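One-letter residues, chain by chain:
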Amino acid sequence: IFGNQNPLHIEIGMGKGKFIMALARQNPQINYVGIEKYSSVLLRALQKMEAEPLENIRFIRMDAENICEMFDHEEVAQIYLNFSDPWPKDRHAKRRLTSHQFFERYQQILASNATVEFKTDNTALFDFSLEEVKEAGWKLDAFTRNLHQDNTMMEGNVMTEYEERFSKMGNPIYKLIASFPQK
């Protein structure tokens, strides 16, 4: 769809598109796909794209559960998960984008040496996610419980709308980077 062989990065739950559009502007040599479940939110991103068209980005309205139907084996070089719905009830744990069930899906579409980056301000979701990385057989490459005070993890950070809002409120931002051991 992009007409080139550039690496493909995806953001699942892209919201209004601020994060992924900033990445697309900064990295024209990378193709980006933003995935959003809700049409009303996706519409806001589409409006932004009309005002500032970018050749290296596309949007898809879909449920992330079907991600393996959309992307080929080893097609994706990077996945971003930013301020995902925490699904706080235990019975909904498998719906969390950092559940081991989702990590199994990501493993099918990610290329070798690819990573998943996850940011949140939700302590319980972050703790759950750290455990799920291990449960899924993935490697925890890096993590921090205070992103904006961690110079290494903050390098190249692009803030989302939620990240800006929660940071201004004084909430620490958590981030982890995980990869699947070599295929």
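To be clear, the structure that these remarks concern was listed above.
What counts as what
Residues numbered from 1 in each chain as written. Predicted model: local features only at pLDDT ≥ 70, side-chain atom pairs only at ≥ 80, totals over all residues. Heavy atoms only, no water. Phe/Tyr/Trp six-rings, centres within 6.5 Å; stacked < 30°, edge-to-face > 60°. Buried < 20%, exposed > 50% of the residue type's maximum accessible area, 1.4 Å probe, protein only. Helix = DSSP H or I, 4+ residues; strand = E, 2+ residues; numbered from the N terminus. Lys NZ or Arg CZ within 6 Å of the ring centre and 35° of its normal. Pairing = 2+ DSSP bridges. Axes fitted to C-alpha atoms, helices over the stretch in contact; angles between N-to-C directions. Right-handed = clockwise from strand over helix to strand, strands pointing away. Salt bridge = Lys/Arg side-chain N within 4 Å of Asp/Glu carboxyl O. Arc of directions from axis to C-beta. Core = buried A, V, L, I, M, F, W, Y, C linked by side-chain atoms within 4.5 Å. Contact = heavy atoms within 4.5 Å.

What follows deals with the packing of aromatic side chains. The final tally for this structure, using the stated rule, is 10 aromatic pairs. A centroid spacing of 6.5 Å and a plane angle of 15° characterise the contact between Phe-118 and Phe-126, whose relative ring orientation is stacked. Each member of the pair, Phe-118 as well as Phe-126, carries the same accessibility label: buried. With a centroid separation of 5.9 Å and 70° between ring planes, the pair formed by Trp-138 and Phe-180 is classed as edge-to-face. Of this pair, Trp-138 sits in the loop between α5 (123–135) and β6 (139–144) while Phe-180 sits in the segment after β7 (174–179), and the two are 42 residues apart along the sequence. Over the ring of Phe-128 we find Arg-96; its NZ or CZ atom is 4.4 Å from the centre of that ring.

Right, let's talk about the sheet that holds β7 for a bit. On the basis of which strands lie adjacent, the open sheet formed by 7 strands has the order β3-β2-β1-β4-β5-β7-β6 and mixed pairing. The sheet terminates laterally at β3 (57–61) and β6, the two strands that pair on one side only. Between one strand and the next, the sheet's axes are offset by a mean angle of 15°, whatever the strand orientation. Sheet topology places strand β2 (residues 31–36) next to β3; 5 bridges connect them, and they run parallel. Opposite Glu-36, over in β3, you have Arg-61 as the bridge partner.

The subject of this paragraph is unusual backbone geometry. For Glu-74, which is not a glycine, the phi torsion comes out positive at approximately 60°. In this model, Asn-113 sits at a positive phi of 65°, which is unusual for a non-glycine residue. Inspection of the secondary structure puts Asn-113 in strand β5 (residues 110–120). Classification of Asn-113 as exposed rests on a relative accessible area of 61%.

Our focus in this paragraph is the pairing of β5. A large share of β5 lies buried, amounting to 8 of its 11 residues. Bridge analysis of strand β4 (residues 76–82) against β5 gives 6 bridges, and the strand direction is parallel. Bridge pairing links Gln-78 to Thr-115 in β5. Note that the unit made of β4, helix α4 (residues 100–109) and β5 has a crossover that is right-handed. Examined bridge by bridge, β5 and β7 share 6 bridges and lie antiparallel to one another.

Once that is clear, we can look at the pairing of β7. Each regular strand displays side chains that alternate between the two surfaces of the sheet. Counted residue by residue, β7 has 6 buried out of 6 residues, so it is predominantly covered. Alternating residues of β7 divide into Tyr-174, Leu-176 and Ala-178 and Lys-175, Ile-177 and Ser-179, and every residue in both groups is buried.

For the rest of this paragraph, the subject is the pattern of salt bridges. Should their charged atoms come close, side chains of opposite charge can pair. If you walk through the whole model with that rule in mind, you get 8 salt bridges. The residue Glu-164 makes a salt bridge to Lys-18 at a minimum N-O spacing of 2.2 Å. Highlighted residues: Glu-164 in helix α7 (residues 161–168) and Lys-18 in helix α1 (residues 18–26), separated in sequence by 146 residues. Taking the relative accessible area as the measure of exposure, Glu-164 reaches 29% and is therefore partly exposed.

It helps to recall that an α-helix has 3.6 residues per turn; residues three or four apart then point in one direction. Of all the residues in α4, the buried ones are Phe-102, Phe-103, Tyr-106 and Ile-109. For α4, the angular spread of buried residues about the axis comes to 120°, placing them on one side.

Attention now moves to the nonpolar core. Side chains that are nonpolar tend, in soluble globular proteins, to be buried together. Ile-10, Ile-12, Phe-71, Ile-79, Tyr-106 and Trp-138 are the most contacted members of the largest nonpolar core, which totals 34 residues. Secondary-structure elements contributing two or more residues to this core are β1 (8–12), β2, β4, α4, β5, α5 and β7. Considering every element that reaches this core, the biggest residue donor is α5, with 5 residues. Beyond its immediate sequence surroundings of up to four residues, Phe-71 is in contact with Leu-8, Ile-10, Val-33, Ile-35, Ile-60, Val-76 and Ile-109. Core analysis: the second largest hydrophobic core is formed by 17 residues, Ala-22, Leu-23, Tyr-32 and Ile-57 among them.

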